[in-house]
Amino acid sequence: MFKIIGILFSGVVVGYLFRNISLVGHIRKPLTLTIISMLFLLGISIGMNKMIVNNLSTLGWQAVILAVAGTAGSVLASWFCYKLFFKDDIGNEE
């Protein structure tokens, strides 16, 4: 787990260092396609797992609850960080 978090933060540092290079801007579309492909392959993997498919009625509700709670937590954390770090209201230019 710490390896994955370390790789993520390394990517953030590299992205920050190379943010002004125009080539990096062209990565967005292939990156989106890669993420969509990975999600599709994850769906195939889940669909092939008989244990998950057979217990989908039980796991489905748990997954919905976890997804809603995770999304709500992410929205609240994003809102809190926005209010904490971006106090100036950019949209109000009166």
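Before reading on, note that the structure itself is shown above.
Residues numbered from 1 in each chain as written. Predicted model: local features only at pLDDT ≥ 70, side-chain atom pairs only at ≥ 80, totals over all residues. Heavy atoms only, no water.

Peer 1: When you look at the overall build of the protein chain in this model, what are you seeing that I'm missing?
Peer 2: In terms of helices and strands, the protein chain carries four helices and zero strands. When its helices and strands are written in sequence order, the protein chain yields α-α-α-α. Sorting the 94 residues of the protein chain into buried and exposed places 0% on the buried side. Carbon together with sulfur atoms contributes 73% to the accessible area of the protein chain, which is approximately 9,100 Å² in total. (Helix = DSSP H or I, 4+ residues; strand = E, 2+ residues; numbered from the N terminus. Buried < 20%, exposed > 50% of the residue type's maximum accessible area, 1.4 Å probe, protein only. Areas by Shrake-Rupley, 256 points an atom, 1.4 Å probe, with all protein chains shown as cover.)

Peer 1: Whenever I open this one, a nonpolar patch on the surface confuses me. Can you help?
Peer 2: Residues V13, V14, Y16, L17, F18, I21 and L23 make up a contiguous nonpolar surface patch of about 720 Å² in total accessible area. Within the secondary structure, L17 sits in helix α1 (residues 2-17). L17 gets classed as exposed once you look at its relative accessible area, which sits at 62%. (Patch = residues over 30% accessible without salt bridge, like charges linked within 9 Å, V, L, I, M, F, W, Y side chains within 5 Å. Salt bridge = Lys/Arg side-chain N within 4 Å of Asp/Glu carboxyl O.)

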